[in-house]
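Listed here are the chains, written in short residue letters.
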Amino acid sequence: MIACVAVIGHQNNPLYIQSFTEADDALKLHHIVHCSLDVVEERVNNPKKSGPTLNETFLGLLYPTENYKVYGYLTNTKVKFILVTTDLDVRDADVRNFFRRFHAAYVDAVSNPFHVPGKKITSKTFAERVSNIVKSFGLSSAG
Amino acid sequence: MIGVGKVKQYSNVLDKPLSKGKQEVSLSAFAFLFSELVQYNQTQVDNISELERRLEDAGYAVGARVLELLCHREKGNRKETRLLGILSFVHSTVWKVLFGKVADSLEKGTEHEDEYMISEKELLVNRFISIPKDMGTFNCGAFVAGIVRGVLDGAGFPAVVTAHFVPMDGQQRPRTTILIKFAEEVLRREARLG
């Protein structure tokens with residue numbers, strides 16, 4: 001079950017935050033997303049010296065909290081995607097697949113000439129596509 | 001029978017998936033659109049440098065979006081952190097996607113450490129444009145300079161990018177050079193990375 005997805009701009013300003021569980025407090029999820037930004041910064045500034053990890057976009061599991069797992073993805077333009085999930089056994093391939101489709105939806109939203117870079121993403125199509133991707137993520141990892 | 005064995009047609013061109021779109025646009029359509037863009041901006045400004053700045057700003061918006069698009073389409077989704085990496089990315093990949101071929105040459109400037117030049121015999125955007133004498137050194141390649149600046153800025157390499165005509169011996173039309181001057185912090189970071 002995905003709890004929340006977030007898109008953070010390159011100045012750490014939130015561009016899009018959407019939570020998918022009614023039970024949890026939206027503010028708590030915002031806080032978790034905010035804390036995960038620190039982990040992203042740390043990963044970016046102290047790269048592990050092995051070659052391929054130096055410029056990978058998928059950052060992997062950032063940190064586990066009491067009942068959430070937080071995954072991160074960094075694009076070339078320093079835009080970060082954060083995924084907060086309550087599943088205990090998510091496969092790495094599933095998360096990568098999720099981020100790939102999420103990145104495609106994000107590129108579509110940004111290609112809109114009326115979208116001002118640095119402002120929140122207000123496109124309804126983007127919101128719909130994201131909720132579709134989130135729904136299919138739940139199904140594929142359950143099977 | 002008509003219609004048998006047809007591949008799936010999307011009812012709306014906007015529904016087509018991003019990465020499988022058709023990669024070509026008609027040159028004449030683009031030339032008309034670009035000439036209209038230049039004419040529109042000409043009526044709005046009083047002097048040449050303002051016109052150049054407006055074209056550059058238009059290119060900047062394109063560059064930012066092109067960067068997002070190409071980083072997603074490129075295999076492996078690698079990020080560029082080195083100067084030469086991002087320059088060769090602009091020189092080959094961006095040029096290939098926008099103009100259908102790689103740029104003619106990429107050179108390092110001799111006078112200053114932070115200057116690089118991408119040269120092209122004739123920029124695609126300038127193909128149907130001739131500059132009247134009274135406009136001096138104005139170059140519609142400012143649009144392409146804006147695109148390059150948008151790509152570099154988005155990737156974290158702030159730079160000042162301009163377009164110049166360089167007259168060549170033995171050739172009628174001058175060659176166009178895009179001059180890229182990187183900001184201080186880029187050179188410092190590059191020196192730190194080793």
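Details of the structure are given in the entry above.
Worth saying up front: this structure is predicted, and the values here are computed from it rather than measured.

Rules behind the numbers
- Residues numbered from 1 in each chain as written.
- Chains lettered and ligands numbered in written order.
- Predicted model: local features only at pLDDT ≥ 70, side-chain atom pairs only at ≥ 80, totals over all residues.
- Heavy atoms only, no water.
- Helix = DSSP H or I, 4+ residues; strand = E, 2+ residues; numbered from the N terminus.
- Buried < 20%, exposed > 50% of the residue type's maximum accessible area, 1.4 Å probe, protein only.
- Contact = heavy atoms within 4.5 Å.
- Areas by Shrake-Rupley, 256 points an atom, 1.4 Å probe, with all protein chains shown as cover.
- Pairing = 2+ DSSP bridges.
- Axes fitted to C-alpha atoms, helices over the stretch in contact; angles between N-to-C directions.
- Core = buried A, V, L, I, M, F, W, Y, C linked by side-chain atoms within 4.5 Å.
- Expected span 1.5 Å × (residues − 1).
- Arc of directions from axis to C-beta.
- Disulfide = S-S within 2.5 Å.
- Phe/Tyr/Trp six-rings, centres within 6.5 Å; stacked < 30°, edge-to-face > 60°.
- Lys NZ or Arg CZ within 6 Å of the ring centre and 35° of its normal.

## Points about the overall build of chain B
(1) Moving on: A count of helices and strands for chain B gives five helices and four strands.
(2) Moving on: Tracing chain B from N to C terminus, the helices and strands come up as α-α-α-β-β-α-β-β-α.
(3) Moving on: Here chain B, with 194 residues, has 38% of them falling under the buried criterion.
(4) Moving on: Sequence-distant contacts in chain B: of pairs separated by 6 or more residues, those separated by 24 or more amount to 60%.
(5) Moving on: A total of about 11800 Å² of accessible surface is found on chain B, and carbon and sulfur atoms cover 56% of it.

## Quick notes on the sheet that holds strand β4 (residues 175-182) of chain B
All names here are of chain B.
(1) Moving on: Spatially, the four strands line up as an open sheet ordered β1-β2-β4-β3, and their pairing is antiparallel. For this open sheet the edge positions go to β1 (105-108) and β3 (159-166), each flanked by a neighbour on one side alone. Neighbour-to-neighbour, the strand axes of this sheet turn through a mean angle of 20°, independent of strand direction.
(2) Moving on: Strands in contact with helix α3 (residues 83-99) are β1, β2 (115-120) and β4; relative to β2, the strand with the most contacts, it is inclined by about 15°.

## With respect to the sheet that holds strand β2 (residues 14-19) of chain A
Residues and elements named next belong to chain A.
(1) Moving on: Judged by pairing direction, the sheet is antiparallel, and its five strands sit side by side in the order β2-β1-β5-β4-β3 without closing on themselves. Of all strands in the sheet, those with a lone pairing partner are β2 and β3 (58-64), marking the two edges. Adjacent strand axes in the sheet meet at a mean angle of 15°, parallel and antiparallel pairs treated alike.
(2) Moving on: Relative to strand β5 (residues 80-85), strand β4 (residues 69-74) is paired through six bridges, and the arrangement is antiparallel. Bridge pairing in β5 links Y71 to L83.
(3) Moving on: Of the strands in this sheet, β1 (2-8), β2, β3, β4 and β5 touch helix α1 (residues 26-45), which is tilted by about 125° from β3.
(4) Moving on: The sheet contacts of helix α2 (residues 92-110) involve β1, β2, β3, β4 and β5, and relative to β5 the element is tilted by about 135°.

## As for the nonpolar core
(1) Moving on: In terms of nonpolar packing, the biggest core is built from 43 residues, with W95, L152, F157, V161, I178, I180 and F182 of chain B touching the most fellow members.
(2) Moving on: Secondary structure elements with two or more residues in this core: α1 (27-44), α2 (48-73), α3, β2, α4 (142-154), β3 and β4 of chain B.
(3) Moving on: In terms of nonpolar packing, the next biggest core, distinct from the first, is built from 26 residues, F81, V90, F98 and F126 of chain A among them.

## So, α1 of chain B
All names here are of chain B.
(1) Moving on: In this model α1 runs 26 Å from its N-terminal to its C-terminal C-alpha over 18 residues, within 8% of the 26 Å that 1.5 Å per residue would give.
(2) Moving on: Among all positions of α1, only A31, F34, V38 and N41 are buried. Within α1, the buried residues cover an arc of 100° as seen down the axis, which keeps them to one side. Of the exposed residues in α1, the ones pointing more than 90 degrees away from its buried face are F32, L33 and T43.
(3) Moving on: Buried positions along α1 lie against α2 and α4.

## Let's talk about the state of the cysteines
Residues and elements named next belong to chain A.
(1) Moving on: Applying the stated criterion to the full structure yields zero disulfides over all chains.
(2) Moving on: Sulfur of C4: no disulfide; nearest cysteine sulfur belongs to C35 and is 12 Å away.
(3) Moving on: According to the relative accessible area criterion, C4 is buried, its value standing at 1%.

## Examining the packing of aromatic side chains
(1) Moving on: Considering all chains together, one arrives at 13 aromatic pairs over all chains under this definition.
(2) Moving on: A centroid spacing of 5.3 Å and a plane angle of 70° characterise the contact between F81 of chain A and Y106 of chain A, whose relative ring orientation is edge-to-face. Of this pair, F81 of chain A sits in strand β5 while Y106 of chain A sits in helix α2, and the two are 25 residues apart along the sequence.
(3) Moving on: Using a relative accessible area of 3% as the deciding quantity, one classes Y106 of chain A as buried.
(4) Moving on: Aromatic pair F98 of chain A and F99 of chain A: ring centres 5.7 Å apart, planes at 70°, arrangement edge-to-face. Residue F98 of chain A shares its accessibility class with F99 of chain A, and that shared class is buried.
(5) Moving on: A network of ring pairs unites the aromatic residues Y16, Y73, F81, F98, F99, F102, Y106 and F126 of chain A as a single cluster.
(6) Moving on: In this arrangement the basic side chain of R189 of chain B is found over the ring face of F157 of chain B, its NZ or CZ atom lying 4.9 Å from the centre.

The quantities given are spatial measurements derived from coordinates; they are silent on function.
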